Amino acid sequence: KLGHPSELPPEPAPDYEGDEPFLRRVHHVLLEVEVLEGVLQCPDSGRQFPISRGIPNMLLSEEEA
Amino acid sequence: MAEAEAAGDAGVAPAPAPAPAPAPAPAPAPAPAPAEQGAELAAVIGATVPTGFELTAAAEVQEKLGSASRISRDRGKIYFEVPARGLPQVHRLRSVDNLFVVVQEFKDYQFKENKEDALKDLEDLVKKLPWTDPLKVWELNNSLKKKKTKRKKHNLQSTASKEKLNDNGEEEGTDQKDASEQEDCAQNAAGVEPASGQDTEKTQGVASRNGEEEEEEEDNEQSDAKDELQAGSGSETKAGDGKTSDGEAKVLKFRVTCNRAGDKHSFTSNEAARYFGGAVQEHFQWKADMTNFDVEVLLNIHNNEVVVGIALTEESLHRRNITHFGPTTLRSTLAYGMLRLCDPQPTDIIVDPMCGTGAIPIEGATEWPSCYHIAGDNNPQAVKRAANNICSLLKKNENKESSTSLGIPLDIIQWDICNLPLRTGSVDIIVTDMPFGKRIGSKKKNWDLYPACLMEMGRICTPGTGRAVLLTQDKKCFAKALSRMGHIWRKGQTVWVNVGGLHAAVYLLKRTWERAEEKRSFW
């Protein structure tokens, strides 16, 4: 979803802790890539939260809360 | 190196006691021996810390400098000894606000009851004090500061306007000093006036009539006041009498700052500063200057405890991380103390759910980079300021060749504390400065907010090992909210602190083993 789909499997493999190349890619995505504009999508509800200038806005609306 | 307590405390021993005599003359506590030839220069450093966090600061000193600290009865200060070469590390301490080198400490100074006598004693004290080594430390400290200013100017970009102002201020100070040096030399050439005694009195007389010092009477326990000596006309100088040992004819400028607390003194801090300062001026032939001083002499009087020191810091260290302030930005030293209280371990997830301008998570990410820090607030301005502060921090760390900088393990999100987008039991540590209900929010809002916060924080916090450190001034509301959450939160230590003049408390809470109820499945 971040433009690196080909590099990461959809789910971690069972022995991911020992798989260093995988760990490096995850580290990169988690800690070195910053989304400046985009959305975060809830995997359960599908609700999208906007990201603006690197900051996601996760405030719920009146109805949602 | 523990200094022996003065014998005076335990009861008076009559005449031929080798210990410090408790009789009329004030008895100094043993001072560190002056450095012998070949021995290394060491210093006793005094540090001011947020009241209540003296032990935390002492722990940091032990950890980073390997020195044990003494905590004085004058709250908010700790003392420790370091070799002079350890000064750079001393400046990197995160739990201290200001630093000074101790000239001498008196654990049980007997003040004369009569005001004139008491003040005369202070005057006479000056020439008996061991100034040499502390002044060497002060000089060493100066050269460290100069290097730091040069580096600061390189790294800072224009957004950090506040820091830049200080840099300019420092520069101006130096220039002024050069100008006045020349003036002094000119005076010398014209002919030297007769010896100091009478002139000093005259100068003092002028000073007191000028009335430019602030007159603040404090006779109660808790208050302190800063009063400075200002000389009227310039004093004459003798060429080559400056304190620099490399032969420059430099006249140093100084001021005396006196803090006095206690209800048995016959004089005010103002008067003490004046008399002490007059004697300092006479002894060193320095020039008194309230604003552009080189040497700041500190005279701290807390009941019978007297400490004479020389300041090593100018701007307080506590605002170091923040360039964009909000209405209630927390001191970085206080943020550090709170974080340390949680004992963060590598890989801990640390969340500040009401981060404001981000003082706590920024301090956290800087000092505990092997933890992951998440900051959030519902207020868009706060979030923006926090993001700006993080940017300033990134710029400071910027690599000079490329324009990329090493990332910081810190993220910021706009969220609602009552509906945190974090999984149950996934957070190790929660540290936050809760709205006091004075400058932000209201006491009434707190009655609803505090229980909701504690509940949601309880949900996201890891059962058993999780902990929270919460700062608040609204202690009543907090206690009530906590009383209903005994199944989730166990109260640990409480630290009483002073935040912007308000008496607040820092509560350490431990998360019980009980699992939180899963929320309705919005998340």
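Structural notes, computed from the coordinates. Numbers given for residues are sequential positions, taken from 1 along each chain in its written order. Each chain takes a letter, starting from A, and each ligand takes a number, starting from 1, following the order in which they are written. The predicted origin of the model limits local features to residues at a pLDDT of at least 70 and limits the giving and counting of side-chain atom pairs to 80 or more, whereas totals for whole chains, interfaces and linings rest on all residues. Side-chain calculation: all heavy atoms of the structure are included, whereas hydrogens and water are not.

Let us look at the overall build of chain A. Of the regular secondary structure elements, chain A holds 1 helix and 3 strands. Helix numbers and strand numbers start at the N terminus; a helix is a DSSP run of H or I with at least 4 residues, a strand a run of E with at least 2. Overall, chain A shows an N-to-C arrangement of helices and strands of α-β-β-β. To sort residues, take the accessible area from a 1.4 Å probe on protein chains only and compare it with the maximum for the residue type: under 20% means buried, over 50% means exposed, and anything in between is partly exposed. In chain A, which comprises 65 residues, the share counted as buried stands at 15%. When contacts within chain A are restricted to residue pairs at least 6 apart in sequence, those whose partners lie at least 24 apart make up 8%. Using a 1.4 Å probe, accessible areas were evaluated by the Shrake-Rupley method; residue-level cover was limited to the displayed protein chains. When the accessible area of chain A is evaluated, it comes to approximately 5,100 Å², of which 54% is carbon and sulfur surface. The criterion used for residue contact is that any of the two residues' heavy atoms lie within 4.5 Å.

Quick look at the overall build of chain B now. Helix and strand content of chain B: 12 helices and 15 strands. Expressed as a percentage of contacts within chain B between residues at least 6 apart in sequence, the contacts between residues at least 24 apart total 77%. Surface accessibility of chain B: about 25,300 Å² in total, with carbon and sulfur atoms responsible for 51%.

Okay, the pairing of strand S2 (residues 48-52) of chain A next. All names here are of chain A. Burial along S2 is one-sided: Phe49 and Ile51 are buried, while Gln48, Pro50 and Ser52, pointing the other way, are not. In this structure, strand S1 (residues 38-41) lies alongside S2, joined through 4 bridges in antiparallel fashion. Across the sheet, Leu40 pairs through a bridge with Phe49, a residue of S2. Criterion used throughout: strands pair if DSSP finds at least two bridges between them. From the end of S1 to the start of S2, which pair antiparallel, there are 6 residues, and Gly46 there has a positive phi angle of about 85 degrees. Both S2 and strand S3 (residues 55-56) contribute to a ladder of 2 bridges, which runs antiparallel. When the sheet's bridge partners are listed, Ser52 is paired in S3 with Ile55. If you look at the hairpin formed by S2 and S3, you'll find 2 residues sitting between the two strands, and Arg53 has a positive phi there, around 50 degrees.

With 15 residues of chain A at the interface, the matching set in chain B holds 15 residues. Between chain A and chain B the total buried area reaches about 1,300 Å² when both faces are included, carbon and sulfur atoms providing 69% of it. Throughout, buried area stands for the accessible area (probe radius 1.4 Å) lost by two parts on being put together, summed over both. On the chain A side of the interface with chain B, the three residues burying the most area are Ile55, Met58 and Leu59 of chain A, jointly 40% of the side's total. Salt bridge, as applied in this entry: a Lys or Arg side-chain nitrogen positioned within 4 Å of an Asp or Glu carboxyl oxygen. Between chain A and chain B we count 0 salt bridges in total. Two N or O atoms count as a polar contact when they lie within 3.5 Å, although within protein this holds only if one can serve as hydrogen donor and the other as acceptor, and sequence-adjacent residues are included solely when both atoms are side-chain atoms. Inspection of the chain A/chain B interface yields 3 residue pairs in polar contact (both at pLDDT 80 or more). Each residue is assigned to one class: nonpolar for Ala, Val, Leu, Ile, Met, Phe, Trp, Tyr, Cys and Pro, charged for Asp, Glu, Lys and Arg, and polar for all the others, Gly among them. Counted by class, the side of chain A that touches chain B contains 9 nonpolar, 2 polar and 4 charged residues.

Residues and elements named next belong to chain B. Ranked by internal contacts, the top residues of the largest apolar core, which has 52 residues, are Ile45, Phe80, Leu122, Trp131, Phe276 and Leu299. Other than its neighbours up to four places away in sequence, Trp131 contacts Val103, Val126, Phe276, Val280, His283, Phe284, Val297, Val308 and Ile310. In terms of nonpolar packing, the next biggest core, distinct from the first, is built from 32 residues, Val351, Ile430, Ile460 and Trp489 among them. Side-chain atoms within 4.5 Å are what join buried Ala, Val, Leu, Ile, Met, Phe, Trp, Tyr and Cys residues into a set we call a nonpolar core.

Residue and element names in this part refer to chain B. Considering the arrangement of structural elements, one finds Asp97 in the loop between helix H2 (87-91) and strand S4 (98-106). We classify Asp97 as buried; its relative accessible area is 5%. At 2.6 Å, the side chain of Asp97 and the side chain of Arg331 are in polar contact. Within polar-contact distance, the side chain of Asp97 engages the side chain of Thr333 at 2.7 Å.

The next thing to look at is the packing of aromatic side chains. Residue and element names in this part refer to chain B. Note on ring pairs: Phe, Tyr and Trp rings are taken, using the six-membered ring of Trp, and paired if centres are within 6.5 Å. Classes follow the plane angle, with under 30 degrees stacked, over 60 edge-to-face and the rest tilted. The tally for this structure, following the rule as stated, stands at 10 aromatic pairs over all chains. For the ring pair Phe478 and Tyr507, a centre distance of 4.3 Å and an interplane angle of 15 degrees mean the geometry is stacked. Within this pair, whereas Phe478 is found in helix H12 (residues 475-483), its partner Tyr507 is found in strand S15 (residues 502-511), the two being separated by 29 residues in sequence. Residue class for Phe478 comes out buried when judged on its relative accessible area of 1%. Taken together, Phe106, Tyr109, Phe111 and Phe267 form an aromatic cluster joined through their ring pairs.

Residue and element names in this part refer to chain B. As a packed pair, helix H11 (residues 443-460) and H12 sit with axes 9 Å apart at the nearest point and diverge in direction by 45 degrees. Comparing the axis directions of H11 and H12 gives the class oblique. Here H11 runs over H12; the crossing is right-handed. The segment H11 lies against H12, with Asn446, Trp447, Tyr450, Pro451 and Leu454 engaging Cys477, Phe478, Lys480, Ala481 and Leu482. Split by residue class, the contact of H11 with H12 holds 8 nonpolar, 1 polar and 1 charged. To get an axis, a line is fitted to the C-alpha atoms, and for a helix only the part in contact is used. The angle between two axes follows their N-to-C directions and goes from 0 to 180 degrees. We call two directions roughly parallel when the angle between them is under 35 degrees, roughly antiparallel when it is over 145, roughly perpendicular when it lies between 65 and 115, and oblique otherwise. With the far helix as reference, a near helix turned anticlockwise by less than a right angle produces a left-handed crossing, and one turned clockwise produces a right-handed crossing.

Turning our eyes to something else, we now look at the side chain of Glu60 of chain B. Residue and element names in this part refer to chain B. One can find Glu60 in helix H1 (residues 54-65). A distance of 2.8 Å separates a polar side-chain atom of Glu60 from the backbone nitrogen of Arg94. If near-sequence neighbours (up to four positions away) are discounted, Glu60 is found in contact with Leu65, Leu93, Arg94, Ser95, Tyr336 and Arg340.

On to helix H3 (residues 115-128) of chain B, then. Residue and element names in this part refer to chain B. In this model, H3 (14 residues) spans 21 Å end to end at C-alpha, consistent with the 20 Å of a helix rising 1.5 Å per residue. Turning to H3, its buried residues number three or more, namely Ala118, Leu119, Asp121, Leu122, Leu125 and Val126. Projected onto a plane normal to the axis of H3, the buried residues spread over an arc of 150 degrees and lie on a single side. Projecting away from the buried face of H3 at angles above 90 degrees are the exposed residues Glu116, Lys127 and Lys128. Along its buried surface, H3 packs onto S4 and helix H7 (269-284). One fewer than the residue count of a helix, multiplied by 1.5 Å, yields its expected span. Taken from the helix axis, the directions to the C-beta atoms give the arc we talk about.

The next point concerns the state of the cysteines. Residues and elements named next belong to chain B. Only a pair of cysteine sulfur atoms within 2.5 Å qualifies as a disulfide here. Throughout the structure, instances matching the rule amount to 0 disulfides over all chains. Between Cys355, a cysteine without a disulfide, and Cys453, which holds the nearest cysteine sulfur, the sulfur-to-sulfur distance is 13 Å. A residue is classified by how much of its surface remains accessible, and Cys355, at 7% relative accessible area, is buried.

Residue and element names in this part refer to chain B. Across the sheet, 7 strands lie side by side as S11-S10-S9-S12-S13-S15-S14; this open sheet has mixed pairing. Two strands lie at the open edges of the sheet, namely strand S11 (410-414) and strand S14 (489-499), each paired on one side alone. In this sheet, adjacent strand axes meet at a mean angle of 15 degrees when their direction is disregarded. Where strand S9 (residues 349-352) and strand S12 (residues 429-433) come together, 2 bridges link them in parallel fashion. Its bridge partner lying in S12, Val351 is registered against Ile430. Each of S9, strand S10 (372-377), S11 and S12 is contacted by helix H9 (residues 359-367), which is oriented at about 170 degrees to S10, the strand it contacts most.

Purely geometric numbers; function is a separate question.
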